[in-house]
Amino acid sequence: MRSYAKYGPVISFCTGTRTHGPGMVGYSHARGEAVASTITWQSRGTYGRQRSASGPEPAWEAPLGGYRRLRRPVTQARLREIEPTIRALRDHLTETVAGPLYFPFALSDTRPLRVAQGYLTKLPRALVEELVELRELRQTAVSEPNEPEAHGLPPASLPRSRRSTGYGRQRDAQRRQAVERHAMDLVLSHYRSLGYEVEDVGDHSPWDITARKNETEVHIEVKGSTTTRDAVDLTEGEVRHAEGIPTCLIVIDQIELGNDLRCHGGRWRSWNDWAPAREELVATAYRYPLPGGGREGRPSA
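As the structure is a prediction and not an experimental result, all values here were calculated from the model.

Asker: Just give me the short version of the nonpolar core, but keep the residues and values in it.
Answerer: The nonpolar side chains of soluble globular proteins are, as a tendency, buried together. Counting residues in each nonpolar core, the largest one holds 22 residues, and the members touching the most others are V187, Y191, I209, I220, I250 and I252. Here this core gets eight residues from one element, more than from any other, and that element is helix 6 (residues 173-193). Those residues in contact with I209 that sit more than four places away from it in its chain are M184, V187, L188, V198, E199, V201, V218, H219, I220 and V222.

Spelled out as structure tokens, the structure:
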């Protein structure tokens, strides 16, 4: 199901049949403003294939980029398993939303769920939340539940490393800073234990920590979060630095934060010689979908 959009960003889904049957297998983002275009439309299905293609007809077209495959495709079989939930969602939207729904699935009393024949449809937020396979889309498109965007950002006078280090900023600045400080302290302490001389450089450099041992110098970017992270925020400075100098990205998510602002634990993942691909950056601040292959646990010497 290719997407042509008047406004961006949007998520584009494709259908695949290679190993798991039809399903949603990947997504892209709109990379520019939509322009007037034309489209030649061929209806599908037994009835549609008996008709000739219509067009060319007026259309809006937007460039797409940064295609990524979903870690776990949402198969047609999976969607049909939750068809009662999808029907209930559609019925609720029909009652509460004015105007056309552009619903992504065709539902009937005689046939099982199937993809709607449309080049542009809407994927309701409630459906995204129902499907764990689409969690990574929530993090590249909108604020994630439990870590909502703050109404006010930290003062500009705060060092860069003391500002938000993860996607979905905590609403309470003190809680956010406690999580960030916890992640930084874990990384500083760990590298000290490996015999490195470490320095927190986030107040004057586009990375967080410099670690030195013998003739080796490592630049480290640290991201911390209380939720499970499949995407992180990046600044332009962080991106440019990682493009030019080998950088280690360390993401510590699932941090436990108590009411007393004390933090505990966290899941470590690290990417050595990390450099984000420009075509995969989602322009907000930058939200970067974490690649597969991150090594579980704390890095060794």
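Asker: Outline the sheet that holds strand 11 (residues 247-253), listing residues and values.
Answerer: An order of 7-8-9-11-14-16 is seen for the six strands of this open sheet, with the pairing classed as mixed. Strands at the two margins of the open sheet, each flanked by one partner only, are strand 7 (197-200) and strand 16 (295-296). As judged from the five bridges shared by strand 8 (residues 209-213) and strand 9 (residues 216-224), these two strands associate in the antiparallel manner. Its bridge partner being in strand 9, T210 is matched across the sheet by H219. On the sheet, helix 6 packs against strand 7, strand 8, strand 9, strand 11 and strand 14 (267-274) and is oriented at approximately 155° with respect to strand 9. In this fold helix 7 (residues 236-244) packs onto strand 9, strand 11 and strand 14, with an angle of close to 145° to the strand it touches most, strand 9.

Asker: If you had to explain the side chain of H182 to someone new, which residues and values would you point to?
Answerer: Its location among the elements puts H182 in helix 6. Judged by its relative accessible area of 14%, H182 is buried. A polar side-chain atom of H182 sits 2.9 Å from the main-chain carbonyl oxygen of G265. In this structure H182 touches I255, C263, H264 and G265, once residues within four positions along its chain are discounted.

Asker: I'd love a proper account of the environment of V282, names of residues and values included.
Answerer: In this fold, V282 is placed in the loop between strand 14 and strand 15 (287-289). A relative accessible area of 4% places V282 in the buried class. Along the chain, V282 and L234 lie 48 residues apart, while their C-alpha atoms are 9.7 Å from each other. Apart from the residues within four sequence positions on either side, V282 is in contact with H29, R31, T140 and R287.

Asker: Can you break down unusual backbone geometry residue by residue, with the values?
Answerer: With phi around 60°, Q254 is a residue other than glycine that occupies positive phi space. Among the structural elements, Q254 can be located in the loop between strand 11 and strand 12 (256-257). A positive phi angle is found at D273, which is not glycine, with a value near 50°. By secondary structure assignment, the location of D273 is in strand 14.

Reading the values: the criteria
- Residues numbered from 1 in each chain as written.
- Predicted model: local features only at pLDDT ≥ 70, side-chain atom pairs only at ≥ 80, totals over all residues.
- Heavy atoms only, no water.
- Core = buried A, V, L, I, M, F, W, Y, C linked by side-chain atoms within 4.5 Å.
- Buried < 20%, exposed > 50% of the residue type's maximum accessible area, 1.4 Å probe, protein only.
- Helix = DSSP H or I, 4+ residues; strand = E, 2+ residues; numbered from the N terminus.
- Contact = heavy atoms within 4.5 Å.
- Pairing = 2+ DSSP bridges.
- Axes fitted to C-alpha atoms, helices over the stretch in contact; angles between N-to-C directions.
- Polar contact = N/O pair within 3.5 Å; in protein donor to acceptor, adjacent residues only side chain to side chain.

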